[in-house]
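Chain and residue survey
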Amino acid sequence: RRWGLLLPHLQNPYYAELVEALNNEACERGATLLLGLSNNDMTREANLIGQWTAGEVNGLILDQAHYHNNPQMFEQLKARGIAMVFLHEDPIPGFDFVRYDLFASMARIFTHLLALGHTRIGYVGQEFSRCRETSRFQAYVQHHQNAGLPIDESLIYFGEDGAQGGSNALKKWLETGEIPTAVVCCDDSIACGVMHAARTAGLQIPRDISVTGVDDIAEADRIGLTTVRTDRLATAQAVWDLLQVRLENFSCPTKVRTIPSELVLRDSVGRPGERPLR
């Protein structure tokens, strides 16, 4: 009844809220959750997993990024009979997975922005090896194509994780004079950075720039950020359900659970050049 949760860090409030939801669900089920942070250090990650799987835990809960860092290690763990559930983005064949349908969620964002008259839509995401393969960015590309809009690379920024990345994206656009009328951020933490930098520069939201995020962290409601709400409680319940099934029958077929998400409209989005619609 001990499970190891490995995440890259807790700098993103989404991760902290997810940890709380998973821990609360563990307590409800009489289990214990152990938390490990890799800080994107593959050596630290491997050492921690090696320690846990030497007999300290019954199985692992992991962000999918860890698999892509070292797929061979996780295939070997599976062969040893270590139960694992991966989280976020696209499912990994042969493993239990809990995900959000972010492609559909982002589609709702773009449909809303296009309906408001936005045609210069920027994108801000975290820089990593697969950043252009994520469902978030692929939705950005496809919906530009569907709307017959050219993809302007000057409006795309991949950089630092968290608010700093959002702030740097806005500063870059100000320096080049290429400012989008709306920006889609891959998560709320980055969106908060865009909003703070925009207001510091004297821009009015959403008159001068509309901003959207993903996750609906606590800060999003306070600052009026339009975002995609992802249900951490439902995620935690799905994770523990899959772990329980895997523990009872390790050879059963793997499952993918998709957690519904919804678009939450707030004051950070409006028509170009106008005050909020609400």
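Quick note: structure is the one above.
Residues numbered from 1 in each chain as written. Predicted model: local features only at pLDDT ≥ 70, side-chain atom pairs only at ≥ 80, totals over all residues. Heavy atoms only, no water.

**Concerning the overall build of the chain**
This is how it is decided: Put simply, DSSP marks the helices as runs of H or I at least four residues long and the strands as runs of E at least two long, and each gets a number from the N terminus on. We compute the radius of gyration over the C-alpha atoms and compare it with the globule rule, which gives 2.2 Å times the number of residues raised to the power 0.38. Buried, partly exposed and exposed residues are distinguished by accessible area as a fraction of the type maximum, computed with a 1.4 Å probe on protein chains only: under 20%, between the cut-offs, and over 50%, respectively. The criterion used for residue contact is that any of the two residues' heavy atoms lie within 4.5 Å. Within this scheme the basic residues Lys and Arg register as positive and the acidic residues Asp and Glu register as negative, but His and the chain ends are omitted. To locate a charge, take NZ of a lysine, CZ of an arginine, CG of an aspartate or CD of a glutamate.
Broken down by element type, the chain carries 10 helices and 12 strands. On C-alpha atoms alone, the chain measures out to a radius of gyration of 20 Å, which is about the 19 Å that the 2.2 N^0.38 rule sets for 278 residues. With the principal axes as the frame, the chain shows a C-alpha extent of 60 × 35 × 35 Å. Burial status across the chain gives 52% buried among its 278 residues. Taking the intrachain contacts of the chain between residues at least 6 apart in sequence as the baseline, contacts between residues at least 24 apart amount to 72%. Charge-centre separation for the chain: the mean point of 26 positive side chains lies 2 Å from the mean point of 34 negative side chains.

**Here's the deal with the pairing of strand E2 (residues 32-37)**
Convention followed: Only strands that DSSP links by at least two bridges are regarded as paired with each other. Place the viewer so that the strands point away; then a crossover is right-handed whenever the path from the first strand over the helix to the second strand goes clockwise.
Note: strand E1 (residues 2-7) against E2, 6 bridges, orientation parallel. Along E2, the bridge assignment pairs Leu6 with Gly36. After leaving E1, the chain enters helix H1 (residues 13-28) and then returns to the sheet as E2, a path that is right-handed.

**What about the environment of Gly55?**
By secondary structure assignment, the location of Gly55 is in helix H2 (residues 42-56). Residue classification places Gly55 among the exposed residues on the basis of a relative accessible area of 63%. Considering only alpha carbons, one finds Gly55 and Thr226, 171 residues apart in sequence, at a separation of 44 Å.

**Describing helix H8 (residues 188-200)**
To be explicit about the condition: Expected span of a helix: the number of residues minus one, times 1.5 Å. A 3.5 Å cut-off defines polar contacts: any pair of N or O atoms within that distance qualifies, except that in protein one atom must be a possible hydrogen donor and the other a possible acceptor, and neighbouring residues in sequence count only when both atoms are side-chain atoms.
With 13 residues, H8 extends 18 Å from end C-alpha to end C-alpha; this agrees with the ideal 18 Å at 1.5 Å per step. With 10 of 13 residues buried, H8 is to be regarded as a mostly interior element. Taken together, the buried positions of H8 are Asp188, Ser189, Ile190, Ala191, Cys192, Gly193, Val194, Met195, Ala197 and Ala198. Regarding H8, its N-cap is Asp187, as a side-chain oxygen of that residue lies 3.1 Å from the backbone nitrogen of Ser189 further along. After H8 finishes, the residue Gly202 shows a positive phi value of roughly 90°.

**Some thoughts on the side chain of His66**
Its location among the elements puts His66 in helix H3 (residues 64-69). Residue contacts for His66: discarding those within four places in its chain leaves Leu6, Leu7, Pro8, Ser38, Glu45 and Phe74.

**Structural notes on the sheet that holds strand E8 (residues 182-185)**
For the record, the criterion: Geometry is summarised by axes, namely lines fitted to C-alpha atoms with helices restricted to the contacting stretch, and by angles between N-to-C directions that run from 0 to 180 degrees.
Reading across from one edge, E7-E6-E8-E9-E10-E12 is the order of the 6 strands in this open sheet, with mixed pairing throughout. Each edge of the open sheet carries a strand with a single partner, namely strand E7 (156-159) and strand E12 (261-264). Neighbour-to-neighbour, the strand axes of this sheet turn through a mean angle of 15°, independent of strand direction. Here 4 bridges tie strand E10 (residues 226-230) to E12, and the two strands are oriented antiparallel to one another. Directly across from Arg229, in E12, lies its bridge partner Glu262.

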